[in-house]
Structure formats: C-alpha cells, structure tokens
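Structural overview
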Amino acid sequence: MLRIACSDARSNCAGHSRRTALKVGACGLLNLSLVDLLRQRAGAGGSRNEKSVILLWLDGGPSQLESYDPKPEAPAEYRGPWTAISTKVPGIHLTEKFPLQASHTDKMAIVRSLHHDNGDHFAAAHWMLTGKYGSNSANKESMFPSIGSYVSRIRGPVTNGLPTFVGLPAAESVYLYPGYQGAAYLGPAYNPFDVQPQQRYLSATYTAPIKPPTLLASINDESTGRTSERVSLLSRLDGVRREIDRTGMMESMDQFQQQAVDMVLSGKARVALDIEQEDEATRDRYGRGPWGHYTLMARRLVEAGVGFVTVDMPHWDNHSRIEKGHGDKIPKVDQAVSALLTDLTDRGLLDDVIVLVMGEFGRTPRLNNGQPGIPIPGRDHWGNAISAMIAGGGIRGGQVVGATNDKAEHPIERPLKPANLLATVYHLLGIDPAMTFLNHAGRPISILDEREIIRELV
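Computed from a predicted structure; not experimentally measured.

Next up on the list: the sheet that holds strand E1 (residues 52-57). Read from one edge of the open sheet, eight strands run E6-E5-E7-E1-E8-E11-E4-E12, paired in mixed fashion. Of all the strands in the sheet, the pair left with one neighbour each is strand E6 (193-194) and strand E12 (399-401). Pairing analysis gives six bridges linking E1 to strand E8 (residues 353-358), with the strands arranged parallel. From the neighbouring strand, Leu-55 faces E8, where its bridge partner is Leu-356. In the packing of helix H11 (residues 290-304) onto the sheet, the strands contacted are E1, strand E5 (165-168), strand E7 (308-312) and E8, and the crossing angle to E7 comes to about 175 degrees. Lying on the sheet, helix H12 (residues 322-346) is in contact with E1, strand E4 (108-114), E8 and strand E11 (386-392); it crosses E8 at an angle near 170 degrees.

See the structure below:
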C-alpha cells in the first residue's frame, strides 16, 4: 500500500496514526484487497452497465396506509388519520401527506403487493435488503450479502477515485451497522463506505447542525492550530504525486494498483461530498434537515459516479401516536423524493439512476390502542402487505403493480416477494442474480434463489 510517513501519534479506528496511512474515510475504503478487487473485476470482461441506485431506507417499517396504499373508504379504525389525494396519473392515489410526489407519479411505479409475512424487524430487514430469509431476532448475524454489496462486488467503481457503495450518513438496519446492508461472506471490502458514522441515525425532526463528512473536515477545518496541519497534509499529497511521477513508480505498477492509488489522490470523493457547492434554492427544495440534506448528497454522489447509495431515514416503528410519529416523517420523505426526481429529470439522469423507497415491512391495518403509558393509536408490525416505490433507471412509470384488499391487509392481485423487487433492480443493472459466490463454508451461493422480475416494470 502507498503510505505517507508522519510523526502524528494520534490513532485512527484501525489503531494506526491518522496520517501514517492515507485512507479515504480513515477506516478502510482503501486497503490491500482493493488491488485484487480491481483485478478480479477487470477479469470478468464484458460491457459495463453504469446505472446507479439510490435507496431511501425507511428503517422501522412505514405504514402502507399512510403512504403509498391509502384506503380512504375503509372503516375509521383502518383508514387512519388522513385521506387520499389524486395524482398526475388518473387512478393513482397517494396519502394526502404526499402532495409533492403526486406530481411525479408519471415517473413512479408503486408496488403495493409485496409481502414476506414476517413481523420480526431483523428477519424482515434482512429479507428486504438481501432478497432472502435468513437472519432474525434470535440470530442477528447477517446471513447473506445486501444488494448494495453485490453491486460493489460485481461492478466495482464506475469512476476511479470514488467508492462503489456509500451509506449516508451511515448504512444500517434495525440499529445494526452496517447490519443487513453489509457484505456478509463477500468480505468487508464490499461493505458500504459510511460518510459520517459519528453523527448517524438522525430523525426527520433533527435540528442540530449536520457535521460535514470527516473527509471534508480534515481539509476544510479553519480552526486555530489546524491550518498548518492541513497545509502540511496537502503538501505531502502533492509530494507523493510528484514523487510518483519523478520515479516512474506508476509505470512499474499494474493498472489495478494505479487505480487504487488514484482513489486516494484524485480528490473526487471529497468534491462529491461537498454539499456546500449546491445553491441555496436547491438545498431548500430538498429540505435542510438530515433526510433532505443526505438525499441531495446522494444525487451528487451518483452524478459523480458512485454505483449504490443508501440514505438512512429511520424511526418508523410507531406503535403509538401514528398521527404524530408518521406525520413528522412523511412530509420529509415527500419533499426529498420530489426534489430528487425533479433534479434527476432536469439533469438528464433519471434513466440512469434507480430510486427505491422502502422499509422492512408495513404496519398493522387496524389501528391499535397505543402502548402502555401512551394510549394513543398506532400500528404494529405487518409483513403481510408492504408498499414500495421505484422510479428511474428505465422503469415504466405511471403505474401501480399489485393490490391489497380494501383494508390493506394482504395482496389480492399480483402477490410479490422481496426477491422479485431486487431481481428487477439487478435486471436493470445488468446483473445476473443466478451468479454464485462462496460463503464462509466454501459453498457456492446464488445472489437470489427466486429470480422472477416484475415484468410490468421493465
């Protein structure tokens, strides 16, 4: 590995001086396995599909009735606090809390008939993110790799100098980092690169200042005593580049080692993460809270060439106070999704970026009586009826796939499993879900066991 010697004795998360080994993100974006990683990918040959994915992960399980599958004609104890509104596409209705997305339904496909029939947070999250039943609350260890990790393993960097899989601010599932968004037996090299793990799991109503990514702070911090450090570090980087050029070291490296070095020295990741480069109107359109902030950053990352980005939007487990709990969050999702679809369309990127909005399960159709000490109605876990939204990447928008019964209890048309949704995303990315990889026991395991795509979408 290329190393930059320095006398700073402070240690990073790997136990080494922060400036002893220059690593993007300081925690292993670049390591010895990267060279092998790049060499293996090039050996696969074939043409590249450079579509990207932005996953808005609604951790905790959003209600289908309060989002993409409202039932305004259902009895009051089912329909919940809000009614439905018409949208740009006749016949498609959304919750009244999604007025901004209502103008984008021509670009969106809403899948209302997903189900896995499991109410365990851990089992459900694992199933939605990997396409397979495996982990559960009794055995939380990740059993299979996530879709983001497979994209990272198979496709590699779309643009040199950038990671393939990024978590904003940090990829998680049910309080586990990276949890079921991780690589499992593919190895840690294919885990998401977390941009700001020191400030993570941020609620929709979080109002404290959002810290810039560490990668930026190390360069941009103007506080007393940091200027000389920063200049010194930049000088070392310049010196490394000049030394490489002078000695011809790059010529002695193979192309894969050169790509690995370029990932550290190019500065592309630092530029993509610098949201301060966006104008004020754009930032306002997404929303100044963390969910809008990181959705905008996700657009910057895929535009720069990152292949898979997860935006964490947590705290949907509202067993009581559904009106307040979901009511605080739903408008933030609406604003972020609407701004993202507008931005991608205006920039000519919509066909190249798949936008996916989902959580681990839906919520019980019948409102409960709240929780002990909080006797205000909410909804419990429900894996029998799950809604997801997908847009971009060449999908056929302006449609609803599947249907639930009149109380959103279970599918009555086109029942689909999480694997069908993920198989469709893999199809759009040009990845064969029948591909196999060795697990820890050396056994070849396919990406998905159920591989039928949702034909209506493609």
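There's plenty left to go through after this.
So, on to the side chain of Lys-329. Along the chain, Lys-329 falls in helix H12. With no salt bridge to any partner, buried Lys-329 finds its closest opposite charge in Asp-328, at an N-O distance of 6.3 Å. A polar side-chain atom of Lys-329 sits 2.6 Å from the main-chain carbonyl oxygen of Gly-325. Once residues lying within four places of it in the same chain are set aside, the contact partners of Lys-329 are Ala-204, Trp-291, Pro-314, His-315, Trp-316 and Asn-318.

Two aromatic rings are characterised by how far apart their centres lie and by the angle between their planes. In the structure shown here, the tally under the stated rule is eight aromatic pairs. Judged by centre distance (5.6 Å) and plane angle (40 degrees), the rings of Tyr-150 and Phe-437 are tilted. Placement of the pair is Tyr-150 in helix H4 (residues 147-155) and Phe-437 in strand E15 (residues 436-438), with a sequence separation of 287 residues. Note on Tyr-150: relative accessible area 1%, which makes it buried. Of the aromatic side chains, those joined through ring pairs into one cluster are Tyr-150, Tyr-426 and Phe-437. Sitting over the ring of Phe-144, Lys-132 keeps its end group 4.6 Å from the ring centre. One residue, Lys-407, lies across the ring of Tyr-78, its end atom 5.5 Å from the ring centre.

Reading the values: rules and limits
Residues numbered from 1 in each chain as written. Predicted model: local features only at pLDDT ≥ 70, side-chain atom pairs only at ≥ 80, totals over all residues. Heavy atoms only, no water. Pairing = 2+ DSSP bridges. Helix = DSSP H or I, 4+ residues; strand = E, 2+ residues; numbered from the N terminus. Contact = heavy atoms within 4.5 Å. Axes fitted to C-alpha atoms, helices over the stretch in contact; angles between N-to-C directions. Buried < 20%, exposed > 50% of the residue type's maximum accessible area, 1.4 Å probe, protein only. Lys, Arg positive; Asp, Glu negative; His and termini not counted. Salt bridge = Lys/Arg side-chain N within 4 Å of Asp/Glu carboxyl O. Polar contact = N/O pair within 3.5 Å; in protein donor to acceptor, adjacent residues only side chain to side chain. Phe/Tyr/Trp six-rings, centres within 6.5 Å; stacked < 30°, edge-to-face > 60°. Lys NZ or Arg CZ within 6 Å of the ring centre and 35° of its normal.

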